[in-house]
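Fold and contact review
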Amino acid sequence: MERWQGVTEFVAVADANSFTGAAKQLDVSVAHVSRKVNALEQRLGAKLFYRSTRKVTLTESGNLYYQHCRQLLVGLEEADRAVADLNGDPRGLLKMTAPVFYGEHFVAPLVNQFLCDHPELRLEFILTNEKLDLISHGYDLAIRLGKLEDSSLIARKIGRRTQYVCGSPAYFRRYGQPHTLGELSQHQCLHGSVDVWRFLENGQEKYFRVHGQWRCNSGLALKDASLRGLGLVQLPDYYVEKHLKRGELVSVLDQYRLPDDGIWAVYPQNRHLSPKVRLLVEYFKHHFG
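Notes on the structure in this doc start here. These figures come from a predicted structure and were not determined experimentally.

Calculation notes
- Residues numbered from 1 in each chain as written.
- Predicted model: local features only at pLDDT ≥ 70, side-chain atom pairs only at ≥ 80, totals over all residues.
- Heavy atoms only, no water.
- Pairing = 2+ DSSP bridges.
- Helix = DSSP H or I, 4+ residues; strand = E, 2+ residues; numbered from the N terminus.
- Axes fitted to C-alpha atoms, helices over the stretch in contact; angles between N-to-C directions.
- Contact = heavy atoms within 4.5 Å.
- 1 Å grid on protein atoms, 1.4 Å probe; cavity = no way out; pocket = protein on both sides within 12 Å on 5 of 7 lines; lining within 4 Å.
- Points joined across faces, edges and corners; volume = space filled by probe spheres on them.
- Nonpolar A, V, L, I, M, F, W, Y, C, P; charged D, E, K, R; others polar.
- Salt bridge = Lys/Arg side-chain N within 4 Å of Asp/Glu carboxyl O.
- Buried < 20%, exposed > 50% of the residue type's maximum accessible area, 1.4 Å probe, protein only.
- Arc of directions from axis to C-beta.
- Polar contact = N/O pair within 3.5 Å; in protein donor to acceptor, adjacent residues only side chain to side chain.
- Core = buried A, V, L, I, M, F, W, Y, C linked by side-chain atoms within 4.5 Å.

Here we look at the sheet that holds strand 10 (residues 233-236)
The strand order 10-7-11 describes an open sheet built from 3 strands, whose pairing is antiparallel. The open sheet has two edge strands, strand 10 and strand 11 (250-252), and neither has a second partner. Averaged over all pairs of adjacent strands, the angle between their axes in this sheet comes to 50 degrees, without regard to strand direction. Two strands pair when backbone bridges link them, and strand 7 (residues 163-167) and strand 10 are joined in this way by 4 bridges, in the antiparallel orientation. Note on strand 10: the bridge partner recorded for Val-165 is Gln-234. Contacting strand 7 and strand 10, helix 7 (residues 219-227) runs over the sheet at an angle of about 130 degrees to strand 10. On the sheet, helix 8 (residues 237-246) packs against strand 7, strand 10 and strand 11 and is oriented at approximately 105 degrees with respect to strand 10.

What follows is the structure, given as structure tokens:
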């Protein structure tokens, strides 16, 4: 058991890049974390961190030790889950992630109701537009939108989304509507973190680089700018559908629209028999479907 002393504290400091952050995560004092890490360094005979008043970074030895220890702790978490799941009831910690807007408006309400139905579950739900490493950070599940990258993760399709190019009636009265992809170069195209829009032309997927005087990495801000007549946007249905129905936005270039994208529940292979993951994915499929 002595060989495990300080490992949890060491990994927590490495994850947080901070002794204070590690102490908060573990709900212990900073002095306790520092004492455990110092004892671990003495036992190993190696310096694991460079410490300064501003930040804590891993040494070469520390980084090597971290790679091994992180996997060991993930394995211990898996062992705990395996025992907890023996009776088939969803229980314990459910750790998941989703994109910010979609997670806030669509995923979180369903997850919250799922927890009401299964009160022995605890939730850690991270909303971020970054694609986090599920395995190294111990996530049970992620919601991903659109095209998936090849990976060793299992992906279950739980829904679909439609991408629209649209603008306000006021914008079209002033500038007219585009009828071909080439005409987009004559329009103000509002874009987010990427300036490439996807279309289907002559049966082939086509990437069109758009230009405009307005850029923001928020879908809500893009939608608002379009409603105010500042330009065209390409956004999924859950941003614009109600505005299209009200006539506040008008869809264009529909003949070039790609088939619907997928909405996916993605999880590591070792989670596929976990009751909490299996039941939550089925719950998503029923409601999103």
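Points about the layout of surface pockets
Here the largest pocket defines a volume of roughly 1300 Å³. Taken together, 49 residues form the lining of the largest pocket, with Arg-161, Gln-163, Ser-193, Val-194 and Pro-236 sitting closest to its centre. Across the lining of the largest pocket, the residue classes break down as 27 nonpolar, 12 polar and 10 charged.

Some remarks on the pattern of salt bridges
Charged atoms that come close allow side chains of opposite charge to pair. Taken as a whole, this structure holds 15 salt bridges when the rule is applied. Between Asp-261 and Arg-198 there is a salt bridge, and its shortest N-O distance comes to 3.6 Å. Placement of the pair is Asp-261 in strand 12 (residues 261-267) and Arg-198 in strand 8 (residues 196-201), with a sequence separation of 63 residues. When its relative accessible area of 6% is taken as the criterion, Asp-261 is described as buried. A salt bridge links Asp-254 to Arg-257, with the shortest nitrogen-to-oxygen separation between them at 2.7 Å. Judged by relative accessible area, which is 37%, Asp-254 ranks as partly exposed. With relative accessibility at 27%, the residue Arg-257 sits in the partly exposed group. Each of Lys-147, Arg-161, Arg-198, Glu-205 and Asp-261 takes part in salt bridges that share partners, so that together they form one network.

Observations concerning helix 2 (residues 19-26)
Looking only at helix 2, the buried set comprises Phe-19, Ala-22 and Ala-23. Mapping the buried residues of helix 2 onto a view down its axis gives an arc of 100 degrees, with all of them on the same face. Exposed side chains of helix 2 directed beyond 90 degrees from the buried face belong to Lys-24 and Gln-25. Buried residues belonging to helix 2 abut helix 1 (7-16), helix 3 (30-44), strand 1 (49-51) and strand 2 (56-58). With a side-chain oxygen lying 3.1 Å from the backbone nitrogen of Thr-20, the N-terminal cap of helix 2 falls on Ser-18.

Description of the pairing of strand 7
Taking burial as the measure, the 5 residues of strand 7 include 4 buried ones, the bulk of the element. When strand 7 meets strand 11, the two strands line up antiparallel, connected through 3 bridges. Paired with Cys-166 across the bridge in strand 11 is Ser-251.

Some points on unusual backbone geometry
Although it is not a glycine, Asn-17 sits at a positive phi angle of roughly 55 degrees. Assignment of secondary structure puts Asn-17 in the loop between helix 1 and helix 2. Taking relative accessible area as the criterion, Asn-17 reaches 46% and is therefore assigned partly exposed. Despite not being glycine, Asn-202 has its phi angle at roughly 55 degrees, a positive value. In this structure, Asn-202 sits in the loop between strand 8 and strand 9 (204-209). Since its relative accessible area comes to 75%, Asn-202 is described here as exposed.

Considerations on the nonpolar core
Counting residues in each nonpolar core, the largest one holds 34 residues, and the members touching the most others are Met-96, Val-107, Leu-141, Ile-143, Leu-280 and Phe-284. Looking at this core element by element, the count peaks at 7 residues for helix 5 (residues 100-117). Apart from residues lying up to four places away in sequence, Leu-141 is in contact with Lys-95, Met-96, Thr-97, Ala-265, Val-266, Tyr-267, Val-277, Leu-280, Val-281 and Phe-284. In this structure, Val-7, Phe-10, Phe-19 and Leu-48 belong to the second largest nonpolar core, which totals 19 residues.

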